[in-house]
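Next come the chains, spelled out residue by residue.
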Amino acid sequence: MNDDINSKNGSTGGLTRRQFGTAAAAVGALAAFGRAPAFAQGTTLKVGVLLPRSGLLAQAGQACQRGAEIAPAILGELGYKVEILSADTESNVDVARSRAEKLINDGANVIIGAFDSGQTAAAAQVCEQRGIPLVMNIAAADRLTEQGYKTVFRNFPTSTMLITNGLALMKDLFAATGTTPKTAVFLHANDTFGMANRQAMDAFFPKLDMPFTIVDSISYDPKAQDLSVEVAKAKGTGAELAIVTTRANDAIMMVREMVKQRWEPKGIVSPGSPGLYDEQFYKVLGKYADYAITNLPWYDPKAELTKRVEAAFKKQYPNDRFEGYAFNVAFTLEAILVAADAFKRAGTAEPAAMLAALRQTNLKDKMMVGPAITFDEKGQNTQLISACVQNRNLRPTVVLPKESAEMEPVFPAPGWGKRG
């Protein structure tokens, strides 16, 4: 994918002189009054939601879309007025770019998206050029908030955060279960997200004093129809642990091939990628989906917003399990909430005022575990924390940290032939 983000020259972050002047005036006005203007009750924020609802990443994009679909009613109960404008990236970077343009031309005041790092990068270019805020729902590549852009905000971990938090939780897992592997193999997709995780792994693994060595890193094309060669190569290393960066389709192919080739490492652990906890993973693999582990941010089942979202989800999608969609739903709805909260505080959808309000975000009433949502000078929420989520009885189950655990972790995992 050719999705490099080109930094803008000068200190205006890609805004025109007129836009920059307007931004400066708006920020000055906020400072002069000492608070945001009163919220205009008759106005509605138009939220452009950009997601891969067809193509390779359709399953994840459609799951995220459910968060957008239930958002207006839930946020309306909380005093926010939003209208959703949806667009499909078709899992394509160039389409993501053109659809972001169209959403803005159609009146979107803010863009939410786009799950995939490559497609989000394309949308970020457009938003920076147009001076429109982009609030990422899910996208981890570090460079998305490292380009000096002034219009991007991310309430999602970077690849560096995912890898470092995920590896730290592996140590906790080994301590809790009394079993520590000596070797691991890293299998990862070769797309933008997978390569960002590979770079983070290469950079930070040597610094974290892990109790095992990585004997090989094996990349694969997530669009491939078969992963037999990659799994055979991984099995051939004799590694005791499989560390993976996947999405649902390739995660399913990988585990199927592991069962077929009778490769039984002590466990499959992902430091923060989707796939292993997605509903499709459970539906297709059945008992073979159990015991896989993902270390990633997770929703707080005790949070008031979580209860509202779960009730709304079950009402609108009575035939689907909330747990299998919750991660994508939660981060998408929270991204919309971040934008709506900024809009309410700004009292206007004017871009400069919205951007100023987004930078001042301090949102405590949310779904995901961890401190209030805030953004640093780069637009990154650095306060996100991870939990150890293990598939148990075909549902994602928190097993660490202990104070949040629903069950005790199981490691090593039972062999493929020993599952009921």
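This write-up is about the structure you can find in this document. (Residues numbered from 1 in each chain as written. Predicted model: local features only at pLDDT ≥ 70, side-chain atom pairs only at ≥ 80, totals over all residues. Heavy atoms only, no water.)

1. Things to note about the packing of helix H10 (residues 304–316) against helix H11 (residues 326–346)
So, point 1. At a minimum axis distance of 12 Å, the contact between H10 and H11 shows a crossing angle of 115 degrees. In this structure, the crossing between H10 and H11 has a hand that is right-handed. Listed contacts from H11 to Leu305, Val309 and Phe313 of H10 are Val329, Leu333 and Leu337. (Axes fitted to C-alpha atoms, helices over the stretch in contact; angles between N-to-C directions. Helix = DSSP H or I, 4+ residues; strand = E, 2+ residues; numbered from the N terminus. Left-handed = near helix turned anticlockwise from the far one by under 90°. Contact = heavy atoms within 4.5 Å.)

2. Focus on the sheet that holds strand E7 (residues 213–220)
So, point 1. In space, the 7 strands of this open sheet follow the order E7-E6-E8-E9-E10-E11-E12, with mixed pairing throughout. Looking at which strands have only one partner, the edges of the open sheet turn out to be E7 and strand E12 (395–400). On average, each strand axis in the sheet is inclined to that of its neighbour by 25 degrees, with strand direction left out of account.
So, point 2. Summarising the sheet, strand E11 (residues 387–392) and E12 pair through 5 bridges and their orientation is antiparallel. Pairing of Arg392 across the sheet is with Arg395, part of E12. (Pairing = 2+ DSSP bridges.)

3. Considering the packing of aromatic side chains
So, point 1. Per the counting criterion, the structure on display carries 17 aromatic pairs.
So, point 2. Geometrically, the ring pair formed by Phe174 and Phe411 is tilted, given 5.5 Å between the ring centres and 40 degrees between the ring planes. With Phe174 in helix H5 (residues 159–177) and Phe411 in the segment after E12, the pair connects residues that are 237 residues apart, well separated along the chain.
So, point 3. Judged by relative accessible area, which is 7%, Phe411 ranks as buried.
So, point 4. Put simply, the rings of Phe156, Tyr277, Trp298, Tyr299, Phe313, Tyr317, Phe322, Tyr325, Phe327 and Phe331 touch in pairs and so form one group of aromatic residues.
So, point 5. For Lys207, the ring lying beneath its charged end belongs to Phe204, and the centroid distance is 5.2 Å.
So, point 6. The side chain of Lys344 reaches across the aromatic face of Tyr80, ending 5.0 Å from its centre. (Phe/Tyr/Trp six-rings, centres within 6.5 Å; stacked < 30°, edge-to-face > 60°. Buried < 20%, exposed > 50% of the residue type's maximum accessible area, 1.4 Å probe, protein only. Lys NZ or Arg CZ within 6 Å of the ring centre and 35° of its normal.)

4. A short note on the state of the cysteines
So, point 1. Evaluation of the coordinates by the stated rule reveals 0 disulfides.
So, point 2. Cysteine Cys64 remains unbridged, with the sulfur of Cys127 as its closest cysteine sulfur at 17 Å.
So, point 3. The exposure class assigned to Cys64 is buried, which follows from its relative accessible area of 0%. (Disulfide = S-S within 2.5 Å.)

5. A few points about H5
So, point 1. The first and last C-alpha atoms of H5 sit 27 Å apart over 19 residues, in line with the 27 Å expected at 1.5 Å per residue.
So, point 2. Along H5, the positions that sit buried rather than exposed are Ser159, Met161, Leu162, Ile163, Gly166, Leu167, Leu169, Met170, Leu173 and Phe174.
So, point 3. In this fold, the buried residues of H5 make contact with helix H6 (192–204), strand E8 (241–245), strand E9 (267–270), strand E10 (293–296), E11 and E12.
So, point 4. Just past H5, the residue Gly178 takes up positive phi, approximately 70 degrees. (Expected span 1.5 Å × (residues − 1).)

6. As for helix H4 (residues 117–130)
So, point 1. The terminal C-alpha atoms of H4 lie 20 Å apart, and with 14 residues this matches the ideal 20 Å at 1.5 Å per residue to within 8%.
So, point 2. Most of H4 sits out of view: 12 of its 14 residues are buried.
So, point 3. Within the sequence span of H4, burial applies to Ser117, Gly118, Gln119, Thr120, Ala121, Ala122, Ala123, Ala124, Gln125, Val126, Cys127 and Glu128.
So, point 4. Positive backbone phi, at 75 degrees, marks Gly131, one or two positions downstream of H4.

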